Amino acid sequence: TVLGIPFDGQSSYLRGAAEAPGKIREALACESSNSWTETGVNLGAKGVYEDCGDLALAGADVFAVIENAVGELISKGRRPVSLGGDHSITYPIMTAVGKKHSALTIFHFDAHPDLYDEFEGNRFSHACPFARIMEAGLAGRLVQIGIRTLNQHQREQAERFGVEVLEMRSLPAHQALKAAGPAYISFDMDALDPAYAPGVSHREPGGMSVREAIAHLHAIQAEIVAADLVEYNPLRDISGTTATVAAKILKEILGKMIAG
Ligand code: MN
Ligand code: MN
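Taken together, the protein donors to the manganese ion (ligand 1) comprise His 87 (ND1), Asp 110 (OD), Asp 114 (OD) and Asp 188 (OD), at separations of 2.1 to 2.2 Å. Within one chain, the residues serving as donors to the manganese ion (ligand 1) are arranged as H-x22-D-x3-D-x73-D. Here the manganese ion (ligand 1) and the manganese ion (ligand 2) are spaced 3.3 Å apart, linked through Asp 110, which binds each one. On the accessibility criterion, Asp 110 (0% relative accessible area) is buried.

See the structure below:
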């Protein structure tokens, strides 16, 4: 079940990610490509997945609304795939997912570890979600892929939480992407090199090609119970390029979840 979360209120640098869900859907439906994933799943077939639209967040307690919505989908046996939004949304999502699935493995694609204890005085910033998640014991394992911005504080945080950091400079790391139990995929679009995905708030050179990202997604061996795709910023995009890339990543995540 695809769920749009149009929220960028915890972005530290630029707004715009709130406009992503609609743009990603548009790119996914675009007739320039067909509805089949590379792994042979037809996302255009009836009932293969559902889209429950965007959350209404105006004036709401945003994190509570996200947690409730995701919790409700999970209680119905659905596997939510959330479209952000900035990366702060992963904390309330995981609060709901972690209640249902204990000892979960998170496969986190990102240029940034997002492990700050606080960022500019804000503990719920998009720079902090994985610190909150690990503190709350919402995941058994955190595996980060594509990281290339570690500073001393975040190195210490990674050590403190036992994070398995697969830095960009040491990829590929296909063999490391195995989990015995249920798993969650959190995909920050800035894991990709800005040459492939300029439509992000924090462009960090030296990142993954779209092909490398898809190869790592395909290499995951685990039962994926939920996922998110975050930090696409349409205001920074060039000719919709990044929307197309986000839709492609979404497609392969959905295909992976459907085909098992
Ligand atoms: Mn992030
Ligand atoms: Mn990032």
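Now for the coordination of the manganese ion (ligand 2). Protein-derived coordination of the manganese ion (ligand 2) comes from Asp 110 (OD), His 112 (ND1), Asp 188 (OD), Asp 190 (OD) and Asp 190 (OD), at a distance range of 2.1 to 2.5 Å. When the donors of the manganese ion (ligand 2) are listed by position in the chain, the intervening gaps give D-x1-H-x75-D-x1-D.

Attention now goes to the pairing of strand β8 (residues 221–230). Among the 10 residues that make up β8, 7 are buried, leaving the element largely enclosed by the rest of the structure. Across 3 bridges, the pairing between strand β3 (residues 81–83) and β8 is parallel. In the sheet register, Ser 82 faces β8, and the bridge partner there is Asp 228. As paired strands, strand β7 (residues 178–188) and β8 are joined by 8 bridges and run parallel to one another. Bridge pairing in β8 places Phe 187 opposite Leu 229. With helix α6 (residues 210–219) bridging β7 and its parallel neighbour β8, the resulting β-α-β unit is right-handed.

On inspection of all chains with the given rule, the structure shows 14 salt bridges. Taking the shortest distance from any N to any O, the salt bridge between Glu 135 and Arg 132 comes out at 3.0 Å. Placement of the pair is Glu 135 and Arg 132 together in helix α4 (residues 129–135), with a separation of 3 residues, close to one helical turn. Residue class for Glu 135 comes out partly exposed when judged on its relative accessible area of 35%. Residue class for Arg 132 comes out buried when judged on its relative accessible area of 4%. Measuring nitrogen to oxygen at the nearest pair gives 3.1 Å for the salt bridge that ties Arg 169 to Glu 167. In this structure Glu 167 comes out as buried when scored by relative accessible area, which is 16%. Among the charged side chains, a network of salt bridges with common partners joins Asp 117, Arg 123, Arg 132, Glu 135 and Arg 160.

Looking now at unusual backbone geometry. The omega torsion of the bond from Gly 84 to Gly 85 falls at 5°, within 30 degrees of zero and hence cis. Turning to its location among the elements, Gly 85 is positioned in the loop between β3 and α3 (90–100). With an omega of 5°, the peptide bond between Leu 171 and Pro 172 qualifies as cis. In this structure, Pro 172 sits in the loop between β6 (164–167) and β7. One non-glycine residue, Ala 103, lies in positive phi territory at about 55°. Inspection of the secondary structure assignment puts Ala 103 in the loop between α3 and β4 (105–109). The exposure class of Ala 103 is exposed, given its relative accessible area of 60%. A positive phi angle, near 55°, is found at Ser 239, a position not held by glycine. Relative to the elements of secondary structure, Ser 239 occurs in the loop between β8 and α7 (241–259).

Sheet architecture is open: 8 strands sit in the order β2-β1-β3-β8-β7-β4-β5-β6, paired in parallel fashion. What marks the edges here is a single partner per strand, and that holds for β2 (51–54) and β6. On average, each strand axis in the sheet is inclined to that of its neighbour by 15°, with strand direction left out of account. Note: strand β1 (residues 2–4) against β2, 2 bridges, orientation parallel. Opposite Gly 4, over in β2, you have Asp 54 as the bridge partner. Packing of α3 onto the sheet brings it into contact with β3, β4, β7 and β8, and relative to β7 it is tilted by some 155°.

Rules of the game
Position labels on residues start from 1 in each chain and follow its written sequence. Ligands are numbered from 1 and chains lettered from A, in the order in which they are written. Where totals are concerned, whole chains, interfaces and linings use all residues; where local detail is concerned, this predicted model gives features only for residues with pLDDT of at least 70, and gives and counts side-chain atom pairs only at 80 or more. Heavy atoms throughout the structure, all of them, feed into the side-chain values; hydrogens and water do not. Atoms are scored as donors when they are N, O or S and lie within 2.8 Å of the metal, with 3.2 Å used for Na, K and Ca; no water is included, so coordination may look incomplete. Each residue is placed in one exposure class: buried if its accessible area under a 1.4 Å probe, protein chains only, is under 20% of its type's maximum, exposed if it is over 50%, and partly exposed if it falls in between. Only DSSP runs of H or I reaching four residues or more are called helices, and only runs of E reaching two or more are called strands; each is numbered from the N terminus. A pair of strands is treated as paired once DSSP finds two or more bridges between them. A crossover gets the label right-handed when its path from the first strand over the helix to the second runs clockwise, viewed with the strands pointing away from the viewer. Any carboxyl oxygen of Asp or Glu that lies within 4 Å of a side-chain nitrogen of Lys or Arg is treated as forming a salt bridge with it. In this description, a line fitted to the C-alpha atoms serves as the axis of each element, helices being fitted only across the stretch in contact, and the angle between N-to-C directions of two axes falls anywhere from 0 to 180 degrees. Should any heavy atoms of two residues lie within 4.5 Å, those residues are counted as being in contact.

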